[in-house]
Amino acid sequence: LTAVLLSALIRIAFLPVWLVVQILYTAHMIFSSRKLGVSATALSPMAMRWLQYQLGLRRDEACAKLIKVLPNHCYAGLRATALPVLLGHRLTGFVPKMLRYPYEGIPPVGHCSAVRATFVDAAIERYLPGVDQFVELGAGYDTRTVQLQHNRQIRCFEIDLPKTQQMKRELLHQCGVDTSDVKFVSANFLTDDWLDNLAKAGFDPRKPTSFLWEGVTYYLSREVMEKTFRTIAKIAPGSVVVFDYGTEANIKVYRRPLYRLNKVVFKAIRGPQTFWISSEPPVKKNLAALMDAYGLSLREQLDCGRETRRRRSFGGLAAAVLK
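Summary of the structure given here. (Residues numbered from 1 in each chain as written. Predicted model: local features only at pLDDT ≥ 70, side-chain atom pairs only at ≥ 80, totals over all residues. Heavy atoms only, no water.)

Moving on, we get to the sheet that holds strand β2 (residues 155-160). Across the sheet, seven strands lie side by side as β3-β2-β1-β4-β5-β7-β6; this open sheet has mixed pairing. Only two strands of the sheet have a single partner each, and these edge strands are β3 (182-186) and β6 (296-304). Averaged over all neighbouring strand pairs, the angle between strand axes comes to 20 degrees, with direction disregarded. Relative to strand β5 (residues 240-246), strand β4 (residues 209-213) runs parallel, the two sharing four bridges. Across the sheet, residue Trp213 finds its bridge partner in β5, namely Phe243. The strands touched by helix α7 (residues 162-174) are β2 and β3; relative to β2, the strand with the most contacts, the crossing angle is about 130 degrees. Strand contacts of helix α9 (residues 222-232): β1 (133-137), β4, β5, β6 and β7 (315-322), with the helix running at about 165 degrees to β4, the strand carrying the most contacts. (Pairing = 2+ DSSP bridges. Helix = DSSP H or I, 4+ residues; strand = E, 2+ residues; numbered from the N terminus. Axes fitted to C-alpha atoms, helices over the stretch in contact; angles between N-to-C directions. Contact = heavy atoms within 4.5 Å.)

Before going further, it helps to examine the packing of helix α2 (residues 43-54) against helix α5 (residues 112-127). Close contact between α2 and α5 brings their axes to 9 Å; oriented N to C, the two are set at 70 degrees. Here α2 is positioned roughly perpendicular relative to α5, judged by the angle of their axes. For the pair formed by α2 and α5, the contact residues are Pro45, Met48, Arg49 and Gln52 on the first element and Ser113, Ala114, Arg116, Ala117 and Thr118 on the second. A class-by-class count of the residues in the contact of α2 with α5 yields four nonpolar, three polar and two charged. (Parallel < 35°, antiparallel > 145°, perpendicular 65-115°, else oblique. Nonpolar A, V, L, I, M, F, W, Y, C, P; charged D, E, K, R; others polar.)

Attention now moves to the packing of aromatic side chains. Tallied over the full model, the rule gives 12 aromatic pairs. Between Phe189 and Trp213, the ring centres sit 6.0 Å apart and the planes meet at 45 degrees, which makes this aromatic pair tilted. Placement of Phe189 in the loop between β3 and α8 (194-200) and of Trp213 in strand β4 is noted, with a sequence separation of 24 residues between them. Relative accessible area serves as the criterion here: at 0%, Trp213 is assigned to the buried category. Ring centres of Phe229 and Phe243 lie 5.0 Å apart, and the angle between their planes is 70 degrees; this geometry places the pair in the edge-to-face category. Of the two residues, Phe229 sits in helix α9 while Phe243 sits in strand β5, which places them 14 residues apart along the sequence. (Phe/Tyr/Trp six-rings, centres within 6.5 Å; stacked < 30°, edge-to-face > 60°. Buried < 20%, exposed > 50% of the residue type's maximum accessible area, 1.4 Å probe, protein only.)

Looking now at a nonpolar patch on the surface. A cluster of nonpolar side chains, Leu6, Leu9, Ile12 and Leu91, forms an exposed patch at the surface whose accessible area comes to about 410 Å². Here the element with the most residues in the nonpolar patch is helix α1 (residues 2-36); it accounts for three residues. Residue placement: Leu6 occurs in helix α1. (Patch = residues over 30% accessible without salt bridge, like charges linked within 9 Å, V, L, I, M, F, W, Y side chains within 5 Å. Areas by Shrake-Rupley, 256 points an atom, 1.4 Å probe, with all protein chains shown as cover. Salt bridge = Lys/Arg side-chain N within 4 Å of Asp/Glu carboxyl O.)

Structure (structure tokens):
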């Protein structure tokens, strides 16, 4: 209780300064990303993974190195926005609940970013023993393949837009991060045959594969999203895809005055959210039906936001396997 109270007092004391820093930090991220023409949507989950690393909750040395040198990101601003949490942890050892998943119950929407990182890490570890290849679709600034490349039984591939991928590779090399066993494949989900590009890089569709599709489905049209899932369903039996998704409940929320700022930010970073699944409860049943239609079988699912008669789930995380 003492740790909780002291950490709360630290956050309250820093709140006015934190708000100013957060606004400046976000503005810098948006404008620098637009100027460079690279991904900005990938920075938020990367910052969360960095914070978990700083608190000793996960291993990710490559992330800690890469985030310091990204030109569309202010590392000093990140340290400043995270200072109340880091200081509270340093003085008391307290870790906010949103960073302590798994815990009992359904995670609230505000915990989704942290929960996503933990859920994905656990899913990768759970399904990796049964596959020969790991493919990250729309990898952004994620560095999981960098860690997995040392597993000599797994071949690692990353797919992303050419400009974002080129910058990431150059910066990782600059940081001294070894990526020699990661195959980087350039592709645009909207226009390219990403599976063909993968095959040219040495990917074997006859071997069971673990796909990670994190933080991408929201920004694609239904047609492109469905095509991607159906393509995954053609890979060898034993393959699995771990992904996250949003529901139609977000559409109504974004119409509220308080949430319109989020919509403006997404538009500014050229990342409008377009794909949603039905939020009619139970969402798990809707998602299972979609996966079944694509030739996949839903294996596990976690809601972000509790479902009730009046409230809807805003999204979640899932893993599906080939039938």
